[in-house]
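Secondary and tertiary structure notes
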Amino acid sequence: MIARTVIRRGLRVLALALAVSVAFAAFVAVALRLQFTGAPEAWAKSTGNDALWLGHAWVDGRRTERDVKAMAVRLRATGIRDVYVHSGPFEWDGTLDPAKHPNAGNFLKWWRKHLPDVRVSAWLGQSVKNGLDLDDPAARARVLAGAKHIVDLGFDGIHYNFEPIGDGDTNFLDLLDRTRPLTKLLSVATPQLEPYPLMRLAARATLGHDKYWSHGFYQEVARRTDQVAIMTYDSFMPERSLYGGHVARQAALALDLTPATTSILVGAPAYHDHGVPFSDDVESVALAGEGARLALSSYGRRERFGLALYVDFAATAEDWKEYADHWNTGPDLP
């Protein structure tokens, strides 16, 4: 009798938990769908503060000056002001091996010849889950030595991309504080912001690490940097309008939370191997652009706001067209 009572109570609790989960998922879906409604203002578009992630081939010797000239032709018709060139990764102990970017000097020379107005940051990072231990002061010191080496090579800035950085990681904040004096331009690729309460905890329980950052921790990172590039892709949204709403929500939160002195870059998925089959159809540059425009329309004009395309070697002609049609619109770019 006692065992049956315990089982019945357990089933009731399970049923209640399931009902709450379904109701919460429905609430989030409706809320995101509503975020992706209405028409953006005509002025809500690129102001010439966009960015592009570039792959490793630019600094390892595979790309030539001819490739830089071809990229220059493409980028001159865009609002892209910054590029993040993959120049690492760090070793597991935090060391940055110069052999990872043997052609960096030539690349920077060619780039400044053909695209002098587009800044070049070194994209540096590593997996910090069962990999590089940023909690180790010695590892952080080696990371800083690598950052100084990159600046000495002539890069305009440092772009960190460590994944996954947990919410509230004070050692990561320490790394940013200590990198700040080394470079004129410090940018960070960040996880997505917690869209609605409890979603960070639910995602962490499911994935075993933080998918979302709390608003407070995001602000701590944003005030230590010149740029934040929010990786709004790999959202696991099952439908296009929900992805558009997801981007609009992420951009709206960033606009509210980011200091005016820090630039916001909304990540746009110019790649097609998400690892989740439906994501290749659901996520797109077009929807990222429209979501960003809706958020900007609601917030108001802000110059330090743009799209960041990920990534050059995977971007198709259609991706570039979507960027032009849905974000880089109009003839009045600088």
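The sections below set out a description of the structure shown in this document. (Residues numbered from 1 in each chain as written. Predicted model: local features only at pLDDT ≥ 70, side-chain atom pairs only at ≥ 80, totals over all residues. Heavy atoms only, no water.)

1. Overview of the overall build of the protein chain
For the record, the criterion: A run of DSSP states H or I qualifies as a helix once it reaches four residues; a run of E qualifies as a strand once it reaches two. Both are numbered from the N-terminal end. Note that the radius of gyration is over C-alpha atoms, with the globule rule given as 2.2 Å times the number of residues to the power 0.38. For every residue, the accessible area obtained with a 1.4 Å probe (protein chains only) is divided by the maximum for its type, and the residue is called buried under 20%, exposed over 50%, and partly exposed between those limits. We call two residues in contact whenever any of their non-hydrogen atoms come within 4.5 Å of each other. We get accessible surface area from the Shrake-Rupley algorithm with a probe of 1.4 Å; when it comes to residues, only the shown protein chains can shield them. The positive count covers Lys and Arg only, the negative count covers Asp and Glu only, and His and the chain ends enter neither. Note that the charge is assigned to NZ on lysines, CZ on arginines, CG on aspartates and CD on glutamates.
When its secondary structure is counted, the protein chain shows 11 helices and 10 strands. In summary, the protein chain has a C-alpha radius of gyration of 21 Å against a globular reference of 20 Å for 334 residues, a match within 12%. Principal-axis analysis of the C-alpha atoms places the extent of the protein chain at approximately 80 × 50 × 35 Å. Taken across its 334 residues, the protein chain has 53% of its residues classed as buried. For the protein chain, restricting intrachain contacts to residue pairs at least 6 apart in sequence, the fraction spanning at least 24 positions comes to 81%. Total accessible area computed for the protein chain in this model is approximately 15100 Å², and 57% of it derives from carbon and sulfur atoms. For the protein chain, the centre of its 37 positive side-chain charges and the centre of its 39 negative side-chain charges are spaced 2 Å apart.

2. Here's the deal with the packing of aromatic side chains
Operational definition: For Phe, Tyr and Trp, where Trp contributes only its six-membered ring, two rings pair if their centres lie within 6.5 Å, and the inter-plane angle classes them as stacked under 30 degrees, edge-to-face over 60, or tilted in between. Lysine and arginine charges are scored as sitting over a ring when NZ or CZ, respectively, is within 6 Å of the ring centre and within 35 degrees of the ring normal.
Tallied over the entire structure, the rule returns 16 aromatic pairs. Residues Trp320 and Tyr323 carry aromatic rings whose centres are separated by 6.2 Å and whose planes lie at 90° to one another, so their mutual orientation is edge-to-face. Of the two residues, Trp320 and Tyr323 are both situated in helix 11 (residues 317-326); the distance of 3 residues between them amounts to about one turn of the helix. In terms of burial, Trp320 and Tyr323 fall into one category: buried. Pairwise contacts between aromatic rings join Trp53, Tyr84, Trp123, Tyr233, Tyr271 and Tyr310 into one cluster. The positively charged end of Arg63 is found above the aromatic ring belonging to Trp58, 4.8 Å away from the centroid.

3. Some details on the pairing of strand 9 (residues 263-269)
Under the convention used in this document: By this definition, two strands are paired if DSSP reports at least two bridges between them. When the strands point away from the viewer, a crossover counts as right-handed if the path from the first strand over the helix to the second runs clockwise.
Buried residues dominate strand 9, accounting for 7 of its 7 residues. Residue alternation in strand 9 divides its side chains into two sets, Ser263, Leu265, Gly267 and Pro269 and Ile264, Val266 and Ala268, and both sets are buried. In terms of strand pairing, strand 8 (residues 227-230) meets strand 9 through 4 bridges, oriented parallel. Within the sheet, the bridge partner assigned to Gln227 lies in strand 9 and is Ser263. Chirality of the crossover, the property in question, places the unit of strand 8, helix 8 (residues 240-257) and strand 9 among those that are right-handed. As defined by bridge partners, strand 9 adjoins strand 10 (residues 305-310) across 6 bridges and the pair is classed as parallel.

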